[in-house]
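As a plain string of letters, each chain reads:
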Amino acid sequence: MAIPAAIVVVPVGVLFIISGLVVNSLQGIFFILVRPLSKNLYRRINKVVAELLWLELIWLIDWWAGIKIEIHTDPETFKLLGKEHALVISNHKSDIDWLVGWILAQRSGCLGSALAIMKKEVKFLPIIGWSMWFSDYVFLERSWAKDESTLKSGFRRLEDFPMPFWLALFVEGTRFTKTKLEAAQQYAASRGLPVPRNVLIPRTKGFVSAVRHMHSFVPAIYDCTVAIPKDTPSPTMLRIFRGQTSVVKVQIKRHMMQELPETGDGTAQCLLSSWEGIACSAAFLALVTIIMQILIQSSESARSTPVGLPSQDPMKQALVQKHSEISH
C-alpha cells in the first residue's frame, strides 16, 4: 500500500541530514589529519565512514521500497565482482541508476570504493556531494578543454588505490528520455550510424581517455545494461519514499581492458559497437520479462526463477555477435 511521501521524507530526512553532517565532519577530520601522512590509510578509513552514510540510502531503496534488482551475468563475472579494479560503463535509464549501482557494489563488498565520473555541480551538494568529493569521485564541467586534464589527473590518482574499486561512467552523458531518443535517432540517421531504439548514442571522449590512462592498472571493463520492464513503473525517488516497489534488470558483460585497441579511434569504435549490443541486450531483457510474465500467469504462481545468461565470449567474438544480431 502506498504511503504518503511526507510521512517518510520528514523523519528520514532529519536523520539523514544529522548523520550526514556527522559523516562529513569525520571525513574532513581524517582528510586533514590522516591523508597527509598516509593516503592509503585515509582511503581505508574513508571507505568505512562513507559506507555509514550510503547504507542509509541503500536501506531506503532495498528494504523500505523493496526495489527488485535482477542481475544477468555469467558465473565467472559474478565471482569477480568486487574483487578487482573495474571501469563500469552503463546506460542511464532512470534517476536512481546511481543507487542501483551502490546496491550492486554493496552486495559485492566494494560500496565505499565505488566511484563515478559526475558533473561538477554535484560536489557542492551538502552531505552526498561532499562525501563523494572526500571519496575521490571525478567531477567534470562538461567542457572538454577543461575536462581532459581533469580526467587525466583523476585517473592517475587511482593508480595506487589500495582496494578494489569501480569507476562508473554513464557514457550517454544524460538520462534517457523519449525526446532525447528521438534526437539521437535523427542524429544517427544523418550520420549513417545504426539507429538506436533503446539507448542513446554514447559520447566517446571520456571512455577513450579512461581506457588510455587506466589501461595499465585496471584489468576489466564491466559493460552494463540497465532496463526497466515495460509493465513496471519506472523507479523514482518519490515512489521510493512512498514505499512503492519497482523492478530493475541489470546485465553485466565483462571485457578485458587489454583486449581494447590502444588507439583513440579504435577504442571509440569498440564503444560504439558495444552500444549496438546494449541496444540488443535491452530488447533481450524486455523479451525475457514478457516470457516470464506469461509463464507466471499460466501457472498462477507468485514466484519466479531468475534467468541466467550464457557464458560470455572474448570481446572480439562478442562484437562480431553483436553486429550479427543487429543485422537480423
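Residues numbered from 1 in each chain as written. Predicted model: local features only at pLDDT ≥ 70, side-chain atom pairs only at ≥ 80, totals over all residues. Heavy atoms only, no water.

This next bit is on the sheet that holds strand β2 (residues 86-90). On the basis of which strands lie adjacent, the open sheet formed by 7 strands has the order β1-β7-β6-β2-β5-β3-β4 and mixed pairing. The open sheet has two edge strands with one neighbour each: β1 (68-72) and β4 (138-140). Sheet twist, expressed as the average angle between the axes of neighbouring strands with direction ignored, equals 25°. Packing against the sheet, helix α6 (residues 144-157) makes contact with β3 (114-119), β4 and β5 (166-170), and its axis sits at approximately 175° to β4. (Pairing = 2+ DSSP bridges. Helix = DSSP H or I, 4+ residues; strand = E, 2+ residues; numbered from the N terminus. Axes fitted to C-alpha atoms, helices over the stretch in contact; angles between N-to-C directions. Contact = heavy atoms within 4.5 Å.)

Residues Lys-119, Arg-142, Lys-180 and Arg-203 make up a contiguous surface patch of positive charge. For Lys-180, a relative accessible area of 32% puts it in the partly exposed group. (Patch = residues over 30% accessible without salt bridge, like charges linked within 9 Å, V, L, I, M, F, W, Y side chains within 5 Å. Areas by Shrake-Rupley, 256 points an atom, 1.4 Å probe, with all protein chains shown as cover. Salt bridge = Lys/Arg side-chain N within 4 Å of Asp/Glu carboxyl O. Lys, Arg positive; Asp, Glu negative; His and termini not counted. Charge placed at Lys NZ, Arg CZ, Asp CG, Glu CD. Buried < 20%, exposed > 50% of the residue type's maximum accessible area, 1.4 Å probe, protein only.)

Overall, the prediction assigns the protein chain a mean pLDDT of 80, with 74% of residues at 70 or greater. Counting interchain partners and residues more than four positions distant, the pLDDT-below-50 stretch residues 300-328 has 39 contacts. (pLDDT = per-residue confidence, 0-100.)

What follows covers the environment of Ile-7. Mapped onto the fold, Ile-7 is located in helix α1 (residues 5-33). Taking the relative accessible area as the measure of exposure, Ile-7 reaches 55% and is therefore exposed.

In this section: the nonpolar core. Judged by nonpolar contacts, the single largest core of 68 residues is most densely connected at Trp-102, Trp-166, Leu-167, Phe-207 and Tyr-222. Top contributing element to this core by residue count: helix α2 (residues 39-64), with 8 residues. Non-local contacts of Tyr-222, meaning those with residues more than four positions away in its chain, are made with Leu-80, Leu-81, Glu-84, Ala-86, Leu-87, Val-88, Ile-89, Trp-166, Ile-252, Lys-253 and Arg-254. (Core = buried A, V, L, I, M, F, W, Y, C linked by side-chain atoms within 4.5 Å.)

So, about the packing of aromatic side chains. All chains considered together, the criterion is met by 10 aromatic pairs. Ring plane angle 80° and centroid distance 5.1 Å describe the contact between Trp-98 and Trp-102, whose orientation is recorded as edge-to-face. Placement of both Trp-98 and Trp-102 in helix α4 (residues 97-108) is noted, with a separation of 4 residues, approximately one turn of the helix. Consider the rings of Phe-161 and Phe-165, whose centres lie 5.5 Å apart with planes at 70°: the pair is edge-to-face. Three or more aromatic residues joined by ring pairs make a cluster, and in this case those are Phe-31, Tyr-42, Trp-133 and Phe-134. (Phe/Tyr/Trp six-rings, centres within 6.5 Å; stacked < 30°, edge-to-face > 60°.)

So, about the pairing of β3. Two faces, one strand: in a regular strand the side chains alternate between the faces of the sheet. Bridge count for β3 against β5 is 3 bridges, and the pairing is parallel. Residue pairing in the sheet places Ala-114 in a bridge with Trp-166 of β5. Bridging between β3 and β4 involves 3 bridges; their strand directions are parallel. Note that in β4 the partner of Lys-119 across the bridge is Leu-140. Handedness of the β3-helix α5 (residues 128-134)-β4 crossover: right-handed. (Right-handed = clockwise from strand over helix to strand, strands pointing away.)

Along its 14 residues, α6 runs 19 Å from first to last C-alpha, staying within 8% of the 20 Å computed at 1.5 Å per residue. Looking at α6, one finds that the buried residues are Asp-147, Leu-151, Gly-154 and Phe-155. The arc that holds every buried residue of α6, seen down its axis, measures 95°, which confines them to one face. In the core, the buried residues of α6 are packed alongside β3, β4, β5 and α8 (204-214). (Expected span 1.5 Å × (residues − 1). Arc of directions from axis to C-beta.)

With that settled, consider the packing of α6 against α8. Contact geometry of α6 with α8 gives a least axis separation of 10 Å together with a crossing angle of 35°. Note that α6 runs across α8; the crossing there is right-handed. Contacts between α6 and α8 involve Trp-144, Leu-151, Lys-152, Phe-155 and Arg-156 from the first element and Lys-205, Gly-206, Ser-209, Ala-210, His-213 and Met-214 from the second. Among the residues making up the contact of α6 with α8, the classes are represented as 5 nonpolar, 3 polar and 3 charged. (Left-handed = near helix turned anticlockwise from the far one by under 90°. Nonpolar A, V, L, I, M, F, W, Y, C, P; charged D, E, K, R; others polar.)

For Asp-136, which is not glycine, the phi dihedral falls at a positive 75°. Along the chain, Asp-136 falls in the loop between α5 and β4.

Here α8 lies mainly inside the structure; 8 of its 11 residues are buried. When we look at burial in α8, the residues that qualify are Gly-206, Phe-207, Val-208, Ser-209, Ala-210, Val-211, His-213 and Met-214.

Mapped onto the elements, Ser-113 comes out in the loop between α4 and β3. A relative accessible area of 1% means that Ser-113 is categorised as buried. Within the structure, the side chain of Ser-113 is placed 2.7 Å from the backbone oxygen of Pro-164, a separation counted as a polar contact. (Polar contact = N/O pair within 3.5 Å; in protein donor to acceptor, adjacent residues only side chain to side chain.)

Right, let's get into the packing of α2 against α4. Relative orientation of the contacting elements α2 and α4 amounts to 105°, with a least axis distance of 10 Å. Considering the angle they form, α2 stands roughly perpendicular to α4. For the pair α2 and α4, the contacting residues are Trp-54, Leu-55, Leu-57, Ile-58, Ile-61 and Asp-62 in the first and Trp-98, Leu-99, Trp-102, Ile-103, Gln-106 and Arg-107 in the second. Class assignment for the residues of the contact of α2 with α4 results in 9 nonpolar, 1 polar and 2 charged. (Parallel < 35°, antiparallel > 145°, perpendicular 65-115°, else oblique.)

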